[in-house]
Amino acid sequence: MGSFSIWHWLIVLVIVMLVFGTKKLRNIGEDLGGAVKGFKQGMKEGSEQAEADRAQISKTTIDAEVREKDKT
């Protein structure tokens, strides 16, 4: 069982086009592209929101030093 050659993939592509038709394949491609774009935009908005949350937390955090008493 070796890898498929280019001719195998072309035959599979022709069979898929005959079964589904080019219009349906185009619609599937458009839907998939829209989903990928939406996912990328959601990831971008999520990272921007996370940065804004981190900035807000750093403004409200109080830094303090803890010192031990000398036991002399």
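Presented here is an overview of the structure given in this document. (Residues numbered from 1 in each chain as written. Predicted model: local features only at pLDDT ≥ 70, side-chain atom pairs only at ≥ 80, totals over all residues. Heavy atoms only, no water.)

1. Description of the overall build of the protein
Turning to step 1, where the next piece is worked out: Scanning the protein from terminus to terminus reveals two helices and zero strands.
Turning to step 2, where the next piece is worked out: Split into buried and exposed, the 72 residues of the protein put 0% on the buried side.
Turning to step 3, where the next piece is worked out: Entry remark: accessible area of the protein is about 7500 Å², with carbon and sulfur atoms responsible for 62%. (Helix = DSSP H or I, 4+ residues; strand = E, 2+ residues; numbered from the N terminus. Buried < 20%, exposed > 50% of the residue type's maximum accessible area, 1.4 Å probe, protein only. Areas by Shrake-Rupley, 256 points an atom, 1.4 Å probe, with all protein chains shown as cover.)

2. Focus on the packing of aromatic side chains
Turning to step 1, where the next piece is worked out: Enumeration over the complete set of coordinates arrives at one aromatic pair.
Turning to step 2, where the next piece is worked out: A ring pair is formed by F4 and W9, whose centres lie 5.5 Å apart and whose planes are at 70°; its orientation type is edge-to-face. Here F4 matches W9 in class, with each residue exposed. (Phe/Tyr/Trp six-rings, centres within 6.5 Å; stacked < 30°, edge-to-face > 60°.)

3. Some thoughts on a nonpolar patch on the surface
Turning to step 1, where the next piece is worked out: Together, I6, W7, L10, L13 and M17 line one region of the surface with nonpolar side chains, adding up to about 530 Å² of accessible area.
Turning to step 2, where the next piece is worked out: As for its position among the elements, L10 is in helix α1 (residues 6–20). (Patch = residues over 30% accessible without salt bridge, like charges linked within 9 Å, V, L, I, M, F, W, Y side chains within 5 Å. Salt bridge = Lys/Arg side-chain N within 4 Å of Asp/Glu carboxyl O.)

4. Notes on α1
Turning to step 1, where the next piece is worked out: For α1, which comprises 15 residues, the first-to-last C-alpha distance of 21 Å matches the rise-based estimate of 21 Å (1.5 Å per residue) to within 8%.
Turning to step 2, where the next piece is worked out: Backbone geometry just after α1 places G21 at a positive phi near 85°. (Expected span 1.5 Å × (residues − 1).)

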